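Observations on the three-dimensional arrangement
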Amino acid sequence: MTRDTRNGWVAGVLAGLGDRVGVDPLVLRIAFVIAAIATGGLLLLAYLVAWAALPAAEGDSAPVARFSPLARVRGDWRVAVGAGLLTLSALLAFRQLGIWWSDAIAWPLALAAFGVALLWVRSPRRAALPADGQAPHVEPPRPSPEARPRRAGSKLAEEYSGAFGVLLVVGAALLFLSSNHVLGGVRDAALTAVVVIVALGLILAPFLWRFGRNLAAERAKRIRSEERAEVAAHLHDSVLQTLTLMQKRADDPREVASLARRQERELRDWLAGGGRSDNGERSLASELRSAAEAIEDDHRVAIESIVVGDCGLDTRADAVLGAAREALLNAARHSGDSGPIRVYAEIDDAGIALFVRDRGSGFDPGTVPSDRRGVRESIVGRMERAGGRADIRSSPGGGTEVAIEIARSDAATREPT
Amino acid sequence: MTTGLPTVVLVDDHELFRAGVRAELEGLVDIRAEAGNVEEAASATLRERPDVVLLDVHMPGGGGVEVIRQVAQKRPTQRFLALSVSDAAEDVIAVIRAGARGYVTKSISGEELADAIRRVRDDDAVFSPRLAGFVLDAFQGEIPEAEVDPELDRLTLREREVLRLIARGYQYKEIALRLSISHKTVEAHVSAVLRKLQLSNRHELSRWAVERRLVD
C-alpha cells in the first residue's frame, strides 16, 4: 500500500487506503474525523505513523507540496507546521484522556516535532529516514528538468529553514532541560564545549579553506581538459576527415568546393552551439535553410540564403516552401558555375516574399524550353492555388529570378486550400 | 573622386589569408602594409594613411573594433572596410557601429573586393547581401511611437527597397536600373542607411544582434 499524494488532502494516507480497499476517500475521511474525535485524537497518532511508514506512490511530489505550485520550501513549512500541530493535538488529546506526563514535556515535544519535520522534509533525497515516507527506491530516475533550477534557486531558503529546524530542536531540548531544572549544571559543560569548538574551528579554518580551493582548481582543470577533448574529438571527426577527402579529390574542383562548403556549414552550426537542431521546432526559416542545404549537397552548388523574420508552417508557408524548393532546384540545374544562388526571404505579419536569384545563362521567357515548363507550372501554379503569386524573370545571359509572394491573413490560415 | 590605385593596409591575423588576398588584389590596389595584430594595425595605418584599411573582424586583442577605436582617436577620417568569415550579426553590427564603411565576407572574389575598396575610398558604403539582411531584420520590429526618432530609427521606403535588392543579390547598377534612379542616388541611400545604423539608438542595435545570435 502506498500514499496517494496526488489525490490526498494532507499526506495522502486516506486516499491511498481508499484506493486500496476500493472506497471513496471522502467517506474514509469523514469516518476518520468522527473516529478521531471519538477516540480523543488517538487516531491522529496512527495517521502520523502511517504517514511516516508508507511510501508515496508519486515519486517526486512531497505531501502537501501541491497546494502551492511555487514551492518545495513553502510546502516544507506547511508540513512542518502540520507535524508540530498534529503532535500538539495528539498530546492534548492524551491530556483529555487523563494520560498526562507534564507541561514540561508537551511544549518541547511539539517544538521539536516542528523542527524535526522541517529538517526531514528539507532534504528528502539526502535524509536517512525520509520524513514524508518517501523511501529512497521511489526516487525517480531523473528529476524533472524544471525541478533542478528551482531547487538551486531556493537553496538559500532551504538552508535557512534547515538552520531554523536545528534551532527549534535545540531550543526544545533546552526548554525541556530548563523546565526540569537541570540546566544549571549543564551550562558550564556547554561553555567548555563551545570554547573548544571555536578553538578547533580557528585551527582548522586555513586547512579547510585551502582544501576547498584546491578542490575547485582541480575541478576547473578537469572541466577544461574535458572541453579540450571534446573539441579535439569533433575536429577529428569532421574537419580532419574532410581535409583528407579534399586532398584525395583535388582533381575535381566542384567536389572540393562542395566538400569545403559542407564542412564550413557543419562547423558554423557546431560553433553556434547547434541551436538549430536542438530546439527541433520547424519554422519556415529553418525549413528553407535545410532545403537549401540539401540542394547544395545534391547538386554541388553554393546557395546563400538570407531570411528576415520567421513564421510557423501553415498552408501558405508550405506553398512558399514548396515553390522555393522548386525554384532552387531549377537554379541549381541551370545556373552552372556562375557564382552562388541567392535566396532572400522576408517574412512579416502581412505576408511572405521570397526571391531566388541565379546569375546563370537565363532564358528567353517567350520561348520557354519544354523541360522548364513543368517547373514553371510547379512554381507559379502552386502559388496561385495557395492564393499567392509567382513571377519568373529571366533574360538570356542575365540570369533568372523567381519572385514568390503571398499574403498572410488570419482568415487564410484557417481555411484549407 | 581620387584617381589611381587605392592605397590599402591589409589587416588579418592569418598570414595565409593575407597572402591569398594580396595575390587576388595584385594590380587592382596598392597594398602599402600588412599587419597581423591590433597594435601593428593601428601603427601601420597611422603611418601609411591609406585610402582604405581592409580589416579582419576577429583578431586577438580586441579585433577590428579595437583597431578602429585606436585609429579613430588620431585620424577620425580613416576609412575601414570589414572583411570576415563570420556571419554572426553581433560581430557585423559591432564593427559597422564602430565606424567601418562596409562589410564583405571573405568568400568575395578578388575583383568584387577591389570594387568594394574603390567604393569605400570614394566614401560610399558597401553592403554585402547578408549585411543588408541584418539591417532589414534589425529595423523590422515595431517600437513604441514615442521612442522613435524618425530621422534615425526608421528606414524610408526607398532605403528599404534598395536594401531588399541588395539582399537579393543585385549590384548597384542593376538596382539603379530597376528603380529608375541614378547610380549616385543608390549610393546616397546606402550611405544614409549606414549613418542610421551607426547613430541610431534603436533597440540598442547591438543588443538586438546579441539576441539574434541566440535565436539563430
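A word on the packing of helix α8 (residues 172-179) of chain B against helix α9 (residues 183-199) of chain B
All names here are of chain B. At a closest axis distance of 8 Å, the pairing of α8 and α9 adopts a crossing angle of 105°. Here α8 is positioned roughly perpendicular relative to α9, judged by the angle of their axes. Residues Tyr172, Lys173, Ile175 and Ala176 of α8 lie in contact with α9, whose contacting residues are His183, Val186 and Glu187. Within the contact of α8 with α9, the residues separate by chemical class into 4 nonpolar, 1 polar and 2 charged.

Thoughts on the confidence of the model for chain A
On average, chain A scores 75 in pLDDT, and the residues at 70 or more come to 76%. Throughout residues 59-74 of chain A the model reports pLDDT below 50, and contacts reaching past four residues in sequence, or to other chains, amount to 37 contacts.

A few points about the interface of chain B and chain A
Of the residues lining the interface, 11 residues belong to chain B; the matching set on chain A comes to 12 residues. Of all the elements, helix α6 (residues 129-138) of chain B adds the most residues to the side of chain B that touches chain A, at 5 residues. By residue class, the composition of the side of chain B that touches chain A is 3 nonpolar, 3 polar and 5 charged.

Topic: the sheet that holds strand β5 (residues 400-407) of chain A
Residue and element names in this part refer to chain A. Read from one edge of the open sheet, 5 strands run β1-β2-β3-β5-β4, paired in mixed fashion. Edge positions in the open sheet fall to β1 (303-308) and β4 (389-394), since each of these has one partner strand only. Taking the axes of each pair of neighbouring strands and ignoring which way they run, one obtains an average angle of 10° across the sheet. Relative to β5, β4 runs antiparallel, the two sharing 6 bridges. Opposite Ile392, over in β5, you have Val402 as the bridge partner.

Comments concerning the pairing of strand β2 (residues 30-35) of chain B
Residues and elements named next belong to chain B. Note that strand β1 (residues 7-11) and β2 share 5 bridges and pair parallel. The residue bridging Val9 from the neighbouring strand is Ala33, located in β2. Traced from β1 through helix α1 (residues 15-24) to β2, the parallel crossover comes out right-handed.

Reading guide: rules and limits
- Residues numbered from 1 in each chain as written.
- Chains lettered and ligands numbered in written order.
- Predicted model: local features only at pLDDT ≥ 70, side-chain atom pairs only at ≥ 80, totals over all residues.
- Axes fitted to C-alpha atoms, helices over the stretch in contact; angles between N-to-C directions.
- Helix = DSSP H or I, 4+ residues; strand = E, 2+ residues; numbered from the N terminus.
- Parallel < 35°, antiparallel > 145°, perpendicular 65-115°, else oblique.
- Contact = placed C-beta atoms within 7 Å.
- Nonpolar A, V, L, I, M, F, W, Y, C, P; charged D, E, K, R; others polar.
- pLDDT = per-residue confidence, 0-100.
- Pairing = 2+ DSSP bridges.
- Right-handed = clockwise from strand over helix to strand, strands pointing away.

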